[in-house]
Amino acid sequence: MGGGEGHPIWTMYSASTELSDACVRLRDGRYASLAEREDLFERATELSLQESVRVWTTAGSSTFVISKRVTGMVYDLAGGPWGRLATRTARFSTPGGRLIVGLRVPFISPWNPWQGFGWLHDAVQSYAFTDPAVWPHPHTGLYMPIRATFSVDAPGPTASIPVPSDALKWNPATFGFQPILPGTTSRSEVTYAFTFGKWHDGSDFTMDDVLYELALAYRRANASGDVHQVDRDAAATSTALLANALRGFRVLDGTHLQVWYDYWHIDSSMVASLINPAFPATPWTASELALSTVLDDTCRISEVTAANDGKEALDLTRGRCFDAPTEGSAAWSALWNFRNATGHYFASNGPFVLSSINLVAVQATMAVDPNYPIPADAYDAYLVPRVPEITLGPTPLVIIGLNASFSLTSRLQGAAYDDIDSSFLVVSPSTGAVVIQGKAVRDVAGSYEIKLTGSQTALLDEGAYELRSITVGREAAIPVIVSQPFIAISDAGMILDQLRGEINRLQQSFNSQLLEQQNLTKATQAQLAGLQTLMIASLALSAVTLSVAVVALAISLRGSRQDAQEPRSG
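Fair warning: this is a prediction, and the values are worked out from it, not measured in the lab.

### Points about the overall build of the protein chain
Per the secondary structure count, the protein chain includes 13 helices and 28 strands. Per-residue burial for the protein chain yields a buried fraction of 39% across its 570 residues. For the protein chain, contacts bridging at least 24 residues in sequence account for 63% of all contacts bridging at least 6. On the protein chain, roughly 30900 Å² of surface is accessible, and the fraction owed to carbon and sulfur atoms is 56%.

### Points about a nonpolar patch on the surface
Taken together, Val 105, Ile 108 and Trp 119 make up a surface patch of nonpolar side chains, about 260 Å² in accessible area. Tracing the backbone through its elements, the reader meets Trp 119 in the loop between strand E2 (91-92) and helix H4 (120-129).

### Remarks on unusual backbone geometry
Most peptide bonds take the trans form, and the phi angle of most residues other than glycine is negative. A positive phi angle is found at Phe 107, which is not glycine, with a value near 60 degrees. Looking at where Phe 107 falls in the secondary structure, it is placed in the loop between E2 and H4. On the accessibility criterion, Phe 107 (14% relative accessible area) is buried.

### Looking at the confidence of the model for the protein chain
With 85% of its residues at a pLDDT of at least 70, the protein chain reaches an overall mean of 87. Per-residue pLDDT stays below 50 along residues 534-570; that stretch engages in 0 contacts with residues further than four places along the chain or on separate chains.

### Concerning the pattern of salt bridges
Scanning the model with the defined rule gives 25 salt bridges in all. Asp 226 is the partner of Arg 219 in a salt bridge, and the nearest nitrogen-oxygen pair spans 3.0 Å. With a shortest N-O distance of 3.0 Å, Arg 442 and Asp 418 are connected by a salt bridge. Here Arg 442 is found in strand E25 (residues 441-444), whereas its partner Asp 418 is found in the loop between strand E22 (415-416) and strand E23 (420-427), with 24 residues between them in sequence. In this structure Arg 442 comes out as partly exposed when scored by relative accessible area, which is 45%. For Asp 418, a relative accessible area of 26% corresponds to the partly exposed category. Among the charged side chains, a network of salt bridges with common partners joins Arg 30, Arg 187, Arg 247 and Asp 262.

### Topic: helix H9 (residues 284-295)
The first and last C-alpha atoms of H9 sit 16 Å apart over 12 residues, in line with the 16 Å expected at 1.5 Å per residue. Those residues of H9 that sit buried are Thr 285, Ala 286, Ser 287, Leu 289, Ala 290, Leu 291, Thr 293 and Val 294. Where H9 is buried, its residues touch helix H5 (207-221), helix H6 (226-230), strand E15 (299-300) and helix H11 (330-342).

### Some thoughts on the pairing of strand E28 (residues 476-489)
Bridging between strand E20 (residues 398-399) and E28 involves 2 bridges; their strand directions are parallel. Bridged to Val 398 within E28 is Ala 488. For strand E27 (residues 463-473) and E28, the ladder comprises 10 bridges, and the chain directions are antiparallel. What sits directly across from Ile 470, in E28, is Ile 481. Turn length for the E27-E28 hairpin, with the two strands adjacent in sequence and antiparallel, is 2 residues.

### Quick look at the pairing of strand E14 (residues 256-261)
With 5 of 6 residues buried, E14 is to be regarded as a mostly interior element. One ladder, built from 6 bridges, connects strand E10 (residues 188-194) with E14; its direction is antiparallel. Considered in E14, the bridge of Ala 193 is made with His 256.

### Some remarks on the sheet that holds E28
The strands making up a sheet associate through hydrogen bonds between their backbones, and the pairing can be parallel or antiparallel. Read from one edge to the other, the open sheet built from 5 strands follows the order E20-E28-E27-E23-E24, with strand pairing classed as mixed. If you trace the sheet from one side to the other, it starts and ends with E20 and strand E24 (434-439), each paired once.

Thresholds applied
Residues numbered from 1 in each chain as written. Predicted model: local features only at pLDDT ≥ 70, side-chain atom pairs only at ≥ 80, totals over all residues. Heavy atoms only, no water. Helix = DSSP H or I, 4+ residues; strand = E, 2+ residues; numbered from the N terminus. Buried < 20%, exposed > 50% of the residue type's maximum accessible area, 1.4 Å probe, protein only. Contact = heavy atoms within 4.5 Å. Areas by Shrake-Rupley, 256 points an atom, 1.4 Å probe, with all protein chains shown as cover. Patch = residues over 30% accessible without salt bridge, like charges linked within 9 Å, V, L, I, M, F, W, Y side chains within 5 Å. Salt bridge = Lys/Arg side-chain N within 4 Å of Asp/Glu carboxyl O. pLDDT = per-residue confidence, 0-100. Expected span 1.5 Å × (residues − 1). Pairing = 2+ DSSP bridges.

See the structure below:
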């Protein structure tokens with residue numbers, strides 16, 4: 001599409017008509033369905049590979065060293081501590097202290113709010129002292145509030161939402177806002193609730209700053225804009241999209257803004273993200289001072305046009321693009337006092353104030369902003385990514401042509417977890433081909449069933465297969481992939497015969513054991529009978545013996561008495 005970042009060579013590139021059309025349609029949401037959007041991505045990828053200057057062939061992971069003193073930090077699942085929330089959520093076991101963040105190569109790109117921070121190690125620093133309206137969630141990638149909550153009405157790609165007649169839009173001819181034309185329609189409507197507060201220079205951050213930045217977006221992106229005419233690369237793609245898609249807006253009160261976009265996306269939070277270029281990172285005083293150096297042909301917003309035109313790239317923290325403010329209002333005085341205290345003009349709105357920049361030591365120093373309106377624990381719910389634990393049950397017998405079922409269990413921190421989307425693939429290990437695919441069906445809390453119908457298993461040949469479950473939690477977009485091998489067998493009758501044979505074998509074994517037990521029981525009963533006879537005989541003999549003893553005792557006693565009664569001789 002032309003343009004770009006990093007080197008003037010990008011301005012010499014012109015994409016093919018088909019590639020440019022596909023990219024513009026994707027950028028502006030010009031498609032009628034998800035399927036059409038996927039086709040555009042597929043074709044654009046094919047065309048861009050044919051013309052690509054850089055082709056990425058490998059992907060790797062990075063290792064980050066973090067002090068043990070840091071007891072908690074919200075990290076990005078893709079970028080680790082390079083995410084926006086990392087520095088603002090890092091904490092020590094005891095509150096307070098100094099956090100030192102090491103970066104590989106900082107201060108490469110210019111630091112300005114519009115086309116600056118193009119280098120990662122510069123952008124990471126800007127995350128600490130600047131705030132957007134919304135930003136991608138660190139674990140899902142969906143846009144979440146930072147300084148603006150939002151509600152979105154985007155019913156479909158071909159929807160027609162009437163825009164109220166009192167809505168306003170930018171007029172490039174008059175350089176001001178004016179009522180929209182009657183009959184204006186849009187494809188989406190978003191209402192924002194902003195959190196303002198104070199700028200780092202102490203001045204008030206209000207809705208007027210948003211309206212100023214919205215006007216500036218048109219001045220940078222519109223061909224007739226005063227800034228665009230000096231620097232045609234003054235607007236990033238997101239700003240051009242906002243200027244093209246916005247159909248009207250109206251201020252509801254001091255913190256609420258209603259906006260209509262001719263834009264639709266399958267993810268409604270993406271629609272809400274269009275407001276970011278109109279949410280300022282500097283007060284209007286700093287912006288006007290910066291733009292004055294562009295309009296007088298001294299500097300350029302884009303480093304690409306700066307290199308092409310032999311000018312200096314605009315940087316609010318260093319360089320020759322700034323002079324002292326010339327007006328004496330309170331707002332200008334606040335900016336000038338901030339400049340005297342910090343040595344730069346980048347008064348912003350984030351949780352940290354950019355206190356100083358030392359180019360010799362290659363170091364930026366930041367301090368906590370005591371006036372920051374968002375609580376320090378606002379993102380503590382994201383300290384531990386909520387990634388589910390997925391397990392598959394025992395491998396079932398899969399018979400070709402018959403239904404089969406696999407069990408799946410989802411847990412989070414030991415409890416049943418259902419905030420997931422789970423799909424499955426049946427893959428042939430020999431060819432890698434996907435034979436069957438579908439969705440897991442919830443049974444009860446935390447328990448799911450992967451069902452294969454008879455018509456699906458009929459697609460299998462005899463042999464080994466692999467079941468792969470792919471589960472993504474809605475609170476953390478890390479796919480959990482669990483695999484289970486299984487064997488598909490074609491002859492159901494053979495299996496039934498085998499089962500019947502096994503049943504017969506078990507029955508015979510049981511009968512044999514039963515017969516043996518019965519024989520053992522008979523022998524035992526015979527032994528018991530013998531013992532009983534012996535016992536009776538013994539008891540009888542004992543009784544006879546006892547009788548004899550009694551008789552003998554009686555005779556003995558009788559004899560003793562007779563002897564005692566007869567007279568003794570001599």
